[in-house]
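Listed below are the residues making up each chain.
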Amino acid sequence: MKVLVILGHPNPGESFNRAIAETAGRVLRELGHEPVLRDLYAEGFDPVMPMGEEKLPIEELPESIRREIDAVRGAGGFVIVHPNWWGTPPAILKGWLDRVFRAGFAYSFSENGVISNFTDKRAQIFTTSNTPRDVELEVYHDPLENFWKTIVFGLVGSKDFGRRNFESIIMSSPEERAAWLAEVESIIKERFAE
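Residues numbered from 1 in each chain as written. Predicted model: local features only at pLDDT ≥ 70, side-chain atom pairs only at ≥ 80, totals over all residues. Heavy atoms only, no water.

Enquirer: I'd like a description of the confidence of the model for the protein chain, backed by residues and values.
Expert: Predicted confidence across the protein chain gives a mean pLDDT of 93, with 96% of residues reaching 70 or more. Across the protein chain, the secondary-structure element scoring lowest on mean pLDDT is helix 4 (residues 133-138), at 70, and the one scoring highest is strand 1 (residues 2-7), at 98. (pLDDT = per-residue confidence, 0-100. Helix = DSSP H or I, 4+ residues; strand = E, 2+ residues; numbered from the N terminus.)

Enquirer: Lay out unusual backbone geometry in plain terms, naming residues and giving numbers.
Expert: The linkage connecting Glu 167 with the following residue, Ser 168, adopts the cis geometry, with an omega of -10°. Of note, Ser 168 is situated in the loop between strand 7 (160-167) and helix 6 (174-191). With phi around 60°, Trp 86 is a residue other than glycine that occupies positive phi space. Its place among the elements puts Trp 86 in the loop between strand 3 (75-83) and helix 3 (91-100). We classify Trp 86 as exposed; its relative accessible area is 87%. (Buried < 20%, exposed > 50% of the residue type's maximum accessible area, 1.4 Å probe, protein only.)

Enquirer: An account of the packing of aromatic side chains is needed here, citing residue identities and associated values.
Expert: Scanning the entire structure with this criterion turns up 15 aromatic pairs. Ring centres of Phe 101 and Phe 118 lie 5.2 Å apart, and the angle between their planes is 90°; this geometry places the pair in the edge-to-face category. Here Phe 101, found in the loop between helix 3 and strand 4 (107-110), pairs with Phe 118, found in the loop between strand 5 (113-116) and strand 6 (122-129); they are 17 residues apart in sequence, far enough to count as distant. The exposure classification of Phe 101 matches that of Phe 118, with both residues buried. Between the aromatic rings of Phe 101 and Phe 153, the centroid separation amounts to 6.0 Å while the plane-to-plane angle is 90°, which identifies the pairing as edge-to-face. Separated by 52 residues along the polypeptide, Phe 101 in the loop between helix 3 and strand 4 and Phe 153 in helix 5 (residues 143-156) bring together distant segments of the chain. Owing to a relative accessible area of 1%, Phe 153 belongs among the buried residues under this scheme. Across from the ring centre of Phe 118, 5.4 Å away, lies the NZ or CZ of Lys 121, which sits over that ring. (Phe/Tyr/Trp six-rings, centres within 6.5 Å; stacked < 30°, edge-to-face > 60°. Lys NZ or Arg CZ within 6 Å of the ring centre and 35° of its normal.)

Enquirer: Give a description of the environment of Ile 58 that names residues and reports values.
Expert: Among the structural elements, Ile 58 can be located in the loop between strand 2 (34-39) and helix 2 (63-74). Excluding residues that lie within four positions of it along the chain, Ile 58 makes contacts with Arg 66, Ile 69, Arg 73, Arg 102 and Phe 105. (Contact = heavy atoms within 4.5 Å.)

Enquirer: Tell me about helix 3, and please be specific about residues and values.
Expert: Among the ten residues that make up helix 3, seven are buried, leaving the element largely enclosed by the rest of the structure. Considered for burial, the residues of helix 3 that qualify are Ile 92, Leu 93, Gly 95, Trp 96, Leu 97, Arg 99 and Val 100. Turning to helix 3, the residues buried within the fold contact strand 1, helix 2, strand 3 and helix 5.

Enquirer: Describe the sheet that holds strand 6, and please don't skip the residues or the numbers.
Expert: With parallel pairing, five strands are arranged side by side in an open sheet as 2-1-3-6-7. One side of each edge strand has no neighbouring strand; the edge strands of this open sheet are strand 2 and strand 7. Here the average twist between neighbouring strands, direction ignored, is 15°. In the sheet, strand 3 pairs with strand 6 via seven bridges, with the strands oriented parallel. Within the sheet, the bridge partner assigned to Gly 77 lies in strand 6 and is Arg 122. Across the sheet, helix 6 is in contact with strand 3, strand 6 and strand 7; its angle to strand 7 comes to roughly 180°. (Pairing = 2+ DSSP bridges. Axes fitted to C-alpha atoms, helices over the stretch in contact; angles between N-to-C directions.)

Enquirer: Just give me the short version of the packing of helix 3 against helix 5, but keep the residues and values in it.
Expert: The angle between the axes and the distance between the axes are what describe a pair of packed helices. Between helix 3 and helix 5, the shortest axis-to-axis distance is 13 Å and the interhelical angle comes to 15°. Looking at the two axes, helix 3 sits roughly parallel to helix 5. By crossing handedness, the relation of helix 3 to helix 5 is classed as right-handed. Across the interface between the two elements, Leu 93, Lys 94 and Leu 97 from helix 3 touch Phe 147, Trp 148 and Val 152 from helix 5. (Parallel < 35°, antiparallel > 145°, perpendicular 65-115°, else oblique. Left-handed = near helix turned anticlockwise from the far one by under 90°.)

Listed below in structure tokens is the structure:
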């Protein structure tokens, strides 16, 4: 299957997020899947939705957004990688969601409520942070878990969902990062095994 690997980190080559995305892509290829990397910063994705765009039918959207929608339509799953910035994904990734996971495509409304259109798609989210895990849970209540699991993939209907946060990046050793990348490999093998 095609799997979109979406990277939302501004450092083009040295970030741990990049290493996660590359590891995921390699393992997906080893499993016989076709990973499609979307490095949003490197590609210069415009996260700003112009006024009125949310009301346009898909066929009238800018070509760049129609390409993203086609990539999502053709994908059987997602691997999304980003840092935790203020308890949310970076603005570029949030803008990608706003413009691509749009009403009428990823979900729609009927008189009976929401219709989820991605029930057959798998999702694995990898996030990184510098906040200690106990603080993230006790003080902030892990807003990224709620955002991805409930708000995004809950709404679009993905039943096969997982998320792993790696922390504290700033305090981690090369050995810890190597162990985390081995964990990424194991998670990808489990989530995308067939």
